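A look at the structure
What follows is the residue order along each chain.
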Amino acid sequence: MIIAVDGPAASGKGTIARALARHYGLPHLDTGLLYRAVALTVMRNELDPEKEADAVASCDFPDSLLDDPALRGDEAGKAASIVSAHPLVRAALLQRQRRFAQQPGGAVLDGRDIGTVIAPEADAKLFVKATPMIRARRRHEELKRGGSTVTYDRVLADIRARDARDSSRSAAPLVQAPDAMLLDTSFLSIEAAVQKAIALVDARIASNADVER
Ligand code: CDP
């Protein structure tokens, strides 16, 4: 069984994807980390994330980089949203994600284009969203806990800029797949959002089984 979880920054998609993976006993891939790894490689080699050739030259990073705590930082996230707009970067990371999705037994993947590009054949697709203000509040709390002194207004401006970049790019923009189930987490606790996600996936799997019968 393949489960695709897509959505914007701080929508809760990562937490939901991890919980679904645990619930159904499936491996999980946070595909944002791949773009963050490319971004971090660009930054460490003092290359320019806006330049497609510089970003492509950074796609061949070692697996060990995926455990680097610097990937989680805000700088890497911002640069990730720049490198991820280059079609050749997306192409370079495609097979790796497809292989993960198609492993025997299935998998849960979260990102921006899982249901539309990486695994259009997924058995269940969720599109997770929340208002920009609520997402900014969550991200601000998270950054403060990590010791950052960034202001809420700055975080909100970054979220809006990231949304605009992710949604308007021509290569695999952030859009809800026509067959994805919408989950708005704006007014849900983490537990409630996870329960809702499991109920949606269970319902979709049951209806897929009905169609096959
Ligand atoms: O949750 P947040 O947006 O902070 O981070 P992320 O999911 O790690 O993604 C970082 C950036 O990578 C996003 O802004 C997207 O531009 C890009 N990304 C993408 O284009 N496609 C994916 N499947 C995953 C991430």
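In the block above lies the structure referred to throughout.
First, a word on what this report is: a plain description of the structure on this page. Keep in mind that what you see is a predicted model, and the values were worked out from it rather than measured.

About the criteria used
- Residues numbered from 1 in each chain as written.
- Predicted model: local features only at pLDDT ≥ 70, side-chain atom pairs only at ≥ 80, totals over all residues.
- Heavy atoms only, no water.
- Salt bridge = Lys/Arg side-chain N within 4 Å of Asp/Glu carboxyl O.
- Helix = DSSP H or I, 4+ residues; strand = E, 2+ residues; numbered from the N terminus.
- Buried < 20%, exposed > 50% of the residue type's maximum accessible area, 1.4 Å probe, protein only.
- Axes fitted to C-alpha atoms, helices over the stretch in contact; angles between N-to-C directions.
- Parallel < 35°, antiparallel > 145°, perpendicular 65-115°, else oblique.
- Left-handed = near helix turned anticlockwise from the far one by under 90°.
- Contact = heavy atoms within 4.5 Å.
- Nonpolar A, V, L, I, M, F, W, Y, C, P; charged D, E, K, R; others polar.
- Expected span 1.5 Å × (residues − 1).
- 1 Å grid on protein atoms, 1.4 Å probe; cavity = no way out; pocket = protein on both sides within 12 Å on 5 of 7 lines; lining within 4 Å.
- Points joined across faces, edges and corners; volume = space filled by probe spheres on them.
- Pairing = 2+ DSSP bridges.

Using the criterion set out here, one finds 12 salt bridges in the structure. Ionic pairing is found between Arg90 and Asp113, a salt bridge with its closest N-O pair at 3.0 Å. Here Arg90 is found in helix α5 (residues 87–101), whereas its partner Asp113 is found in the loop between β3 (107–111) and α6 (114–118), with 23 residues between them in sequence. We classify Asp113 as buried; its relative accessible area is 3%. Its salt-bridge partner being Asp158, residue Arg154 comes within 3.0 Å of it at the nearest N-O pair. One end of the pair, Arg154, and the other, Asp158, are both in helix α8 (residues 152–168), four residues apart, so they sit about a helical turn from each other. Judged by relative accessible area, Asp158 falls into the buried class, the value being 17%.

Before going further, it helps to examine the packing of helix α2 (residues 32–44) against α5. The description of two helices packed together rests on the angle between their axes and the distance between the axes. One can describe the packing of α2 onto α5 by two numbers: an axis separation of 11 Å at closest approach and a directional angle of 135°. In terms of their interaxial angle, α2 and α5 are classed as oblique. Crossing geometry of α2 relative to α5 is assigned as right-handed. Two secondary-structure elements touch here, α2 through Leu34, Tyr35 and Val38 and α5 through Val89, Arg90, Leu93, Arg96 and Gln97. Looking at the contact of α2 with α5, its residues break down into five nonpolar, one polar and two charged.

Here helix α7 (residues 132–145) contains 14 residues, and its C-alpha end-to-end distance of 20 Å stays within 8% of the 20 Å for a straight helix at 1.5 Å per residue. Along α7, the residues classified as buried are Ile134, Arg135, Ala136, Arg139, His140 and Leu143. Against α4 (74–83) and α8 lie the buried residues of α7. Looking one or two residues past α7, Gly147 carries a phi angle of roughly 95°, positive in sign.

Here the focus is empty space enclosed by the protein. With the rule as written, the count across this model stands at one cavity of 30 Å³ or more. Space inside the largest cavity adds up to approximately 70 Å³. As for the largest cavity, its lining consists of Ala9, Asp74, Lys78, Arg139, Leu143, Val155, Asp158, Ile159 and Arg162. Elements with a contribution of two residues or more to the lining of the largest cavity: α4, α7 and α8. Looking at the lining of the largest cavity residue by residue, the class counts come to four nonpolar, no polar and five charged.

Glancing now at the layout of surface pockets. A volume near 1100 Å³ is recorded for the largest pocket. Surrounding the largest pocket, 45 residues form its lining, Ala10, Lys13, Gly14, Arg139 and Glu142 being those nearest its centre. Elements with a minimum of two residues in the lining of the largest pocket: α1 (13–24), α2, α4, β3, α7, α8 and α9 (190–212). Tallied by class, residues from the lining of the largest pocket come to 13 nonpolar, 13 polar and 19 charged.

Here we take up the pairing of β3. Among the five residues that make up β3, five are buried, leaving the element largely enclosed by the rest of the structure. With five bridges connecting them, strand β1 (residues 2–6) and β3 associate as parallel partners. Bridge pairing links Ile2 to Ala107 in β3. Relative to β3, strand β2 (residues 28–30) runs parallel, the two being bridged by three bridges. Across the sheet, residue Leu29 finds its bridge partner in β3, namely Leu109.

Any functional reading would require information that these geometric values do not contain.
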